[in-house]
Amino acid sequence: MSFSDAPGPLLSVHVPKAAGTSFLSALHDAFGPENVLKEYADDPVDPSSPIWAYPDWFRRNRPRTLGGFKVVHGHFSIQKFDLIPSAIRVVMLREPVENLVSIYCFWKTSFETPMRSHALYELAKRERLSLLELAEIPRLRRLMSETFLGGFDMTRFDVIGAHERRTEFISAVSAAVGIPLAASHRENVTAALAERDDLMSDGKLMAQLRFLLQDDIRFYETYARC
């Protein structure tokens, strides 16, 4: 089957540090970059995103078509594309403590670079926020259960995967769209840091994180089923 014959369109939510950049490369290979809309302008982690800053405007201006694109992939609230008809919805989740540690390490390694990003990242960079401080921020504390996927009927997703079972996720998406997707891409992987191992081996810190992230942990354990 060619991409023109595939059902769809495909809506792919990229939860930060959950192999979304690698999955984007697989989508480019399968559908062609010109047919994939990269949607990163309204990152829901950003406090200035319209979903938080002006929710009524956000709801009124949700798109009803992808304008010819076959796929949309990126950092967006699933609510943004809720009006797209006959959509195939997919998302890969990651164990919340591991996910936040990965976000923290990725951000921290970029603090000494010219990288600029949304207001929350800039706050973390300016104030050199700790891992626990990041975990206290509502947008990150409930990253999956609220920020990206909150208020949405998760049974409407066709594929919900788990980061540690990426191959199974990509196989399930391939079956859903009827087009083979490559599982070999590995991109934007956070560099190995000794600090990350130290963080993950700190039992007291891990217990504090599990308490702060308990809503996302329950969400992950309920829905990460691929």
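Refer to the structure presented above.
Small disclaimer: the values here were computed from a predicted structure and weren't measured.

A. Representation of the environment of serine 110 within the structure. As for its placement among the helices and strands, serine 110 is situated in helix α4 (residues 96–110). For the pair serine 110 and lysine 125, spaced 15 residues apart in sequence, the C-alpha separation works out to 8.6 Å. When residues no more than four places from it in sequence are discounted, the contact partners of serine 110 are Met115, Tyr121 and Lys125.

B. Summary view of the packing of aromatic side chains. Overall, the coordinates contain 6 aromatic pairs when judged by the stated rule. Between the aromatic rings of tryptophan 107 and tyrosine 121, the centroid separation amounts to 5.5 Å while the plane-to-plane angle is 90°, which identifies the pairing as edge-to-face. In this pair, tryptophan 107 sits in helix α4 while tyrosine 121 sits in helix α5 (residues 119–127), placing the two residues 14 residues apart along the sequence. Through a chain of ring-to-ring contacts, three or more aromatic side chains come together here, namely Trp107, Phe111 and Tyr121. Across from the ring centre of tryptophan 52, 4.3 Å away, lies the NZ or CZ of arginine 139, which sits over that ring.

C. Structural view of helix α1 (residues 20–31). The end-to-end C-alpha distance of α1 is 16 Å, a good match for the 16 Å that 12 residues give at a rise of 1.5 Å each. Counting buried residues along α1, 9 of its 12 residues qualify, which places the element largely inside the surrounding structure. Its buried side turned inward, α1 meets β1 (10–13), β2 (36–38), β3 (71–74), β4 (88–93) and α9 (166–177). Directly beyond the C-terminal end of α1, a positive phi value near 90° is found at glycine 32.

D. Inspection of the environment of valine 71 at higher detail. With respect to the helices and strands, valine 71 occurs in strand β3. For valine 71, a relative accessible area of 0% puts it in the buried group. Setting aside chain neighbours within four positions, we find valine 71 in contact with Leu10, Leu27, Phe31, Asn35, Val36, Leu37 and Leu66.

E. Highlighting the nonpolar core. Membership of the largest hydrophobic core comes to 50 residues, with the highest contact counts inside it found for Val13, Leu93, Trp107, Leu134, Leu149, Phe157 and Leu209. At 7 residues, α4 tops the list of elements feeding residues into this core. With residues up to four places along the chain from it excluded, the contact list for tryptophan 107 reads His118, Leu120, Tyr121, Ala124, Leu134 and Leu140. With 19 residues, the next largest nonpolar core counts Val36, Val159, Val177 and Leu181 among its residues.

F. Structural detail: the packing of α4 against helix α11 (residues 203–212). Running from N to C, α4 and α11 point in directions that differ by 110°, and their axes come no closer than 10 Å. Classified by the angle their axes make, α4 and α11 are roughly perpendicular. Within the contact between the two elements, α4 uses Val97, Leu100 and Val101 and α11 uses Met206, Leu209 and Arg210. Looking at the contact of α4 with α11, its residues break down into 5 nonpolar, no polar and 1 charged.

G. Layout of the pairing of β3. Neither face of β3 is exposed, since Val71 and His73 on one face and Val72 and Gly74 on the opposite face are all buried. Looking at chain direction, β1 and β3 are connected through 4 bridges and run parallel. The partner of serine 12 across the bridge, within β3, is histidine 73.

H. View of the sheet that holds β1. Taking strand neighbours across the sheet as the criterion, the 5 strands line up as β2-β3-β1-β4-β5 in an open arrangement whose pairing is parallel. Two strands in the sheet have a free side with no partner beyond their single neighbour: β2 and β5 (159–162). Sheet twist, expressed as the mean angle between neighbouring strand axes with direction ignored, is 15°. Strand contacts of α9: β1, β4 and β5, with the helix running at about 180° to β4, the strand carrying the most contacts.

Rules and cut-offs
- Residues numbered from 1 in each chain as written.
- Predicted model: local features only at pLDDT ≥ 70, side-chain atom pairs only at ≥ 80, totals over all residues.
- Heavy atoms only, no water.
- Helix = DSSP H or I, 4+ residues; strand = E, 2+ residues; numbered from the N terminus.
- Contact = heavy atoms within 4.5 Å.
- Phe/Tyr/Trp six-rings, centres within 6.5 Å; stacked < 30°, edge-to-face > 60°.
- Lys NZ or Arg CZ within 6 Å of the ring centre and 35° of its normal.
- Expected span 1.5 Å × (residues − 1).
- Buried < 20%, exposed > 50% of the residue type's maximum accessible area, 1.4 Å probe, protein only.
- Core = buried A, V, L, I, M, F, W, Y, C linked by side-chain atoms within 4.5 Å.
- Axes fitted to C-alpha atoms, helices over the stretch in contact; angles between N-to-C directions.
- Parallel < 35°, antiparallel > 145°, perpendicular 65-115°, else oblique.
- Nonpolar A, V, L, I, M, F, W, Y, C, P; charged D, E, K, R; others polar.
- Pairing = 2+ DSSP bridges.

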